[in-house]
2 protein chains.
Amino acid sequence: MAQPPQRRLAILGSTGSIGCSTLEVVRSFPKRLAVNYLTANKNIDGLMEQVREFHPRAVVVLDEHSASIARTKLEGLTEVLAGEEGLIEIVARGDVDIVLNALVGFAGLKPTLAAIEAGKDIALANKETLVVAGELLTGKVKKHNVQLFPVDSEHSAILQCLRGEEVTNIDRLILTASGGPFLHLEKEKFHAITVQGALNHPTWKMGRKITIDSATLMNKGLEVIEAFWLFGVPADSIEVVIHPQSIIHSMVEFPDGSTKAQMGIPDMKLPIQYALMYPERPVSNFQRLDFSSLQEMTFLQPDMEKFPCLDLAYSALRAGGSAPTVLNAANEVAVRMFLDEEIPFSSIPRLIEEALSQHVVEQNLTLDDIVRIDTETRASVGGASTDVRTSQRRAASFHR
Amino acid sequence: MAQPPQRRLAILGSTGSIGCSTLEVVRSFPKRLAVNYLTANKNIDGLMEQVREFHPRAVVVLDEHSASIARTKLEGLTEVLAGEEGLIEIVARGDVDIVLNALVGFAGLKPTLAAIEAGKDIALANKETLVVAGELLTGKVKKHNVQLFPVDSEHSAILQCLRGEEVTNIDRLILTASGGPFLHLEKEKFHAITVQGALNHPTWKMGRKITIDSATLMNKGLEVIEAFWLFGVPADSIEVVIHPQSIIHSMVEFPDGSTKAQMGIPDMKLPIQYALMYPERPVSNFQRLDFSSLQEMTFLQPDMEKFPCLDLAYSALRAGGSAPTVLNAANEVAVRMFLDEEIPFSSIPRLIEEALSQHVVEQNLTLDDIVRIDTETRASVGGASTDVRTSQRRAASFHR
């Protein structure tokens, strides 16, 4: 049998947590996966190491300043481009088959759209892209006939459960959530939550932004919206269940009452490999489940009073149109303010709720509309005093 | 869209537990499923009710004596045939598309083979058929290009997990077992187990023979052998895990480390409907899982010392050839002797072990070989004194 063709990758955000896991997967399949492009924020040294190992044709870094440093360090090794323009250029190049987007937040949107328009398959770890521009993005996926693989454990689980099934035939999606570090903390103690405490996730090791989103359950809220766009299932048929062991990654219930679940030891390399090697399931060395030592899996309902972010996400999805864009922008600003110790943990949902209540929902959004609403929301949530700092940070935030 | 064609059923063993559940499924899809043939043992009154409701073209009963009673009672309503010959005749008739075989034990073998040779699809609840004649039967399934749907929750679960996957690509099958009523009983108290206690299954309501098999874990052993033949997975890659809640019905682990599970509230109507309506999953009114009220699922290793029948089944599968035929025959006799209070519960595995140790394994079995080995084993296990009674009972045992 002929060897299947090599898939040529562009990895956006290669020095972050997902980027590094992706390169670990690539190491296992050197004949099947080629790394043609890598991008990083300011971690030039980390990027240099990756360039020496994987020999990409070009890299993209945050801005011209970082690019000139990188050009000196990487001279003769690879081409160096800069900024969002550089990202948009490389994803469209002819020697890219699939773009793994591990950028963080809204900044992932334009490169994703550019890649789809250039006919590239997408492995999407940047869930905010689907949250802020789900209609636009899924429309383009259809129009350009590309494949969109979610790279998070929950949606990869659903995709795996749906193999061989009619995707129009879903009765209910059940997204599991670990519950985060504050699952059992009394609500009265939430005011004392520290950045360090919130960054200490019980089952998953991830980047800072998604770890805070997991602590507030906003991550699960964003995933509910993501599931809506990926699988076309209405909000009322998407259920969130707290499952602290993170063994079941999500489930699908079919009209006949049968439920399918996908499971595994928590490891992001599994959904990454699934997306990059689909439809194959080549042998991996990832740790296997051992049911006799596992002993138990537990389940409980999410507490919407303790974790109002999840409720806010459902509300934004039900409101539709621009509401999820506002939800996401407000959340990105609020999370950054919490990480910078400008606001307490409990203010994150408060700021998002205010932003949603002040917003008049718009429908049928263009990319320009989305950018405008995102910018306006950031300005309003950041407040007059932090306005300038926030927009500076935003410009500097397209990488993990 | 045109209505899909009606599937015409022959239900072997229609007055038993699986037969009645099958008719409940048929009631939900009167335009899609037609009952053309029903068969029963001696429960003529139960069969009469079914005839009045479903209007089969013929029925088969145990023997000529029962047939003459039935002919009187069912005069003008339907044709009445008798015995194994009757079964073999009706499964091959032109107005049958699928044969649901819910016969008990070895008696299901010949009608199954006749149906496959006549090109009929099979919904197989009679797992003993695959245990005693797996090679012969799966060879004929391939040769006659028919579909074989397992009708038990475990193998239906595996089949559902394998939809859209490469069946050659299984790393491990994980069969779940409730553990039966004696999961937590100390081994020292096994001598005091009563028939009534053994018939009291914690999660599944089933026929008497399979309920005893569940109490000894032989049922799970037979399922390991069944899985070997259905999915081509070697014994060492088939694992049994005790899962007392019976929510996860079984699992498949793939080479990439991903595990898929199928779940549901224990209800045999689900795998029956799946087999009869495949590939569709039409809406059912079966009870749905509620994860927040479910709270926990637990797992533990089976205790092979307390339940040697499971170990014996693995040994028979590894020995191959005629060993599973001997295992099954010895088990059928031993279970009947226990139900008749001729032997204690703990003698069931002892009798089977003796039969296996006395047997010289034969390979490449014909149907005649299988019948001969089955008969010899029954005679030897039943012992000289019970020999005659046992063979009489066997002749009378082809229905639940």
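Everything quoted here is computed from the prediction, not taken from an experiment.

Each value, and the rule that gives it
- Residues numbered from 1 in each chain as written.
- Chains lettered and ligands numbered in written order.
- Predicted model: local features only at pLDDT ≥ 70, side-chain atom pairs only at ≥ 80, totals over all residues.
- Heavy atoms only, no water.
- Core = buried A, V, L, I, M, F, W, Y, C linked by side-chain atoms within 4.5 Å.
- Buried < 20%, exposed > 50% of the residue type's maximum accessible area, 1.4 Å probe, protein only.
- Helix = DSSP H or I, 4+ residues; strand = E, 2+ residues; numbered from the N terminus.
- Domains from an automatic or database assignment.
- Pairing = 2+ DSSP bridges.
- Axes fitted to C-alpha atoms, helices over the stretch in contact; angles between N-to-C directions.
- Contact = heavy atoms within 4.5 Å.
- Least-squares fit on C-alpha atoms with pLDDT ≥ 70 in both.
- pLDDT = per-residue confidence, 0-100.
- 1 Å grid on protein atoms, 1.4 Å probe; cavity = no way out; pocket = protein on both sides within 12 Å on 5 of 7 lines; lining within 4 Å.
- Points joined across faces, edges and corners; volume = space filled by probe spheres on them.
- Parallel < 35°, antiparallel > 145°, perpendicular 65-115°, else oblique.
- Expected span 1.5 Å × (residues − 1).
- Buried area = accessible area lost by both parts, 1.4 Å probe.
- Salt bridge = Lys/Arg side-chain N within 4 Å of Asp/Glu carboxyl O.
- Polar contact = N/O pair within 3.5 Å; in protein donor to acceptor, adjacent residues only side chain to side chain.
- Nonpolar A, V, L, I, M, F, W, Y, C, P; charged D, E, K, R; others polar.

**A closer look at the nonpolar core**
Across soluble globular proteins, nonpolar side chains have a tendency to be buried as a group. Counting residues in hydrophobic clusters, the biggest one holds 87 residues, and the most contacted among them are B:L173, B:L327, B:F338, B:F345, B:I348 and B:I352. Per element, the largest residue contribution to this core is 10 residues, and it comes from helix α14 (residues 323–339) of chain B. Inspection of this core shows a minimum of three residues originating in each of domain 1 (7–150) and domain 2 (320–400) of chain B. One finds A:L12, A:L130, A:A133 and A:L351 within the second-largest nonpolar core, a separate group that totals 86 residues.

**Focus: the sheet that holds strand β11 (residues 259–263) of chain A**
As summarised here, the arrangement of the eight strands in space is β9(A)-β8(A)-β10(A)-β11(A)-β11(B)-β10(B)-β8(B)-β9(B), forming an open sheet in which the pairing is mixed. Of all strands in the sheet, those with a lone pairing partner are β9 (238–242) of chain A together with β9 (238–242) of chain B, marking the two edges. With direction set aside, neighbouring strand axes in the sheet form an average angle of 20 degrees. Pairing analysis gives four bridges linking strand β8 (residues 172–177) of chain B to strand β10 (residues 248–253) of chain B, with the strands arranged antiparallel. Bridging across to β10(B), B:L173 finds its partner in B:V252. Against the sheet, helix α7 (residues 153–162) of chain B makes contact with β11 of chain A together with β8, β10 and β11 (259–263) of chain B, and its axis sits at roughly 45 degrees relative to β10(B), the strand it touches most.

**A look at the relation of the copies chain A and chain B**
Superposition of chain A onto chain B requires a rotation of 180 degrees combined with a translation of 0.0 Å along the rotation axis, giving an RMSD of 0.0 Å. Such values leave the two copies arranged in the relation of a two-fold axis. Closest approach to the rotation axis among the C-alpha atoms of chain A is made by A:G164, whose C-alpha sits 1.9 Å away. Taken together, the interface assignments show that 100% of the residues at the interface of chain A recur at the interface of chain B, consistent with an identical surface on both copies.

**Some words on the confidence of the model for chain A**
All names here are of chain A. Averaged over all residues, the pLDDT of chain A equals 93, while 95% of them reach at least 70. Every residue in residues 384–400 is under pLDDT 50, and counting partners more than four places away or in other chains gives 45 contacts. Confidence metrics for the complex model read pTM 0.93 and ipTM 0.92.

**Some details on empty space enclosed by the protein**
All names here are of chain B. Throughout the structure, instances matching the rule amount to two cavities of 30 Å³ or more. Lining of the largest cavity is provided by S153, S156, Q160, W204, H249, Q262, I265, D267, L270 and P271. Among the secondary structure elements, those contributing two or more residues to the lining of the largest cavity are α7 and α11 (269–277). By residue number, the principal contributor to the lining of the largest cavity is α7, which donates three residues.

**Re the packing of helix α6 (residues 127–143) of chain B against α14(B)**
Residues and elements named next belong to chain B. Contact geometry of α6 with α14 gives a least axis separation of 7 Å together with a crossing angle of 140 degrees. In terms of their interaxial angle, α6 and α14 are classed as oblique. Where α6 abuts α14, its residues E128, V131 and V132 lie against P324, T325, N328 and E332.

**Some points on helix α10 (residues 218–231) of chain A**
All names here are of chain A. For α10, with 14 residues, the first-to-last C-alpha span of 20 Å sits near the 20 Å given by 1.5 Å per residue. Judged by how many residues are buried, α10 sits mostly within the fold: 11 of 14 residues are covered. Every buried residue of α10 is listed here: M218, N219, K220, G221, L222, E223, V224, I225, E226, A227 and F231. Once α10 ends, the next one or two residues include G232, with phi positive near 65 degrees.

**Here we look at the domain arrangement of chain A**
Residues and elements named next belong to chain A. Entries for chain A in the domain assignment read domain 1 (7–150) and domain 2 (320–400). Here the C-alpha centre of domain 2 lies 25 Å away from the C-alpha centre of domain 1. Contacts between the two partners involve 26 residues from domain 1 and, on the opposite side, 17 residues from domain 2. Of the roughly 1800 Å² buried between domain 1 and domain 2 on both sides combined, carbon and sulfur atoms contribute 66%. There are zero salt bridges connecting domain 1 and domain 2. Linking domain 1 with domain 2 are two residue pairs in polar contact (both at pLDDT 80 or more). Those elements that provide at least two residues to the side of domain 1 that touches domain 2 are α1 (17–28), α4 (83–91), α5 (109–117) and α6 (127–143). Considering every element that reaches the side of domain 1 that touches domain 2, the biggest residue donor is α6, with five residues.

**A few points about unusual backbone geometry**
When glycine is set aside, most residues are seen to have a negative phi, and most peptide bonds are trans. Here the amide bond leading from A:Y278 into A:P279 is cis, since omega sits at 5 degrees, within 30 degrees of zero. Of note, A:L217 is a non-glycine position whose phi angle comes to about 70 degrees, a positive value. Here A:L217 shows up in the loop between α9 (208–216) and α10. Since its relative accessible area comes to 3%, A:L217 is described here as buried. For B:N364, which is not a glycine, the phi torsion comes out positive at approximately 50 degrees. Tracing the chain through its elements places B:N364 in the loop between α15 (347–358) and α16 (367–395).

**Observations regarding the interface of chain A and chain B**
On the chain B side, the residues contacting the 43 residues of chain A number 43 residues. Overall, the association of chain A and chain B removes approximately 3600 Å² of surface from exposure, summing both partners, and the carbon and sulfur fraction of that is 50%. The largest contributions to the chain A side of the interface with chain B come from A:D256, A:R281 and A:F291, which together make up 21% of the buried area. A salt bridge links A:D171 to B:R288; its shortest N-O distance comes to 3.8 Å. At the boundary of chain A with chain B, the tally comes to 24 residue pairs in polar contact (both at pLDDT 80 or more). Those elements that place two or more of their residues in the side of chain A that touches chain B are α7 (153–161), β8 (172–177), β10 (248–253), β11, α11 (269–277), α12 (291–294) and β12 (296–298) of chain A. Take the side of chain A that touches chain B: its biggest share by element is five residues, from β11(A). Residue classes in the side of chain A that touches chain B are distributed as 20 nonpolar, 13 polar and 10 charged. Relative to strand β12 (residues 296–298) of chain B, β12(A) is paired through three bridges, and the arrangement is antiparallel. Following the sheet pairing, A:T298 is matched in β12(B) by B:E296.

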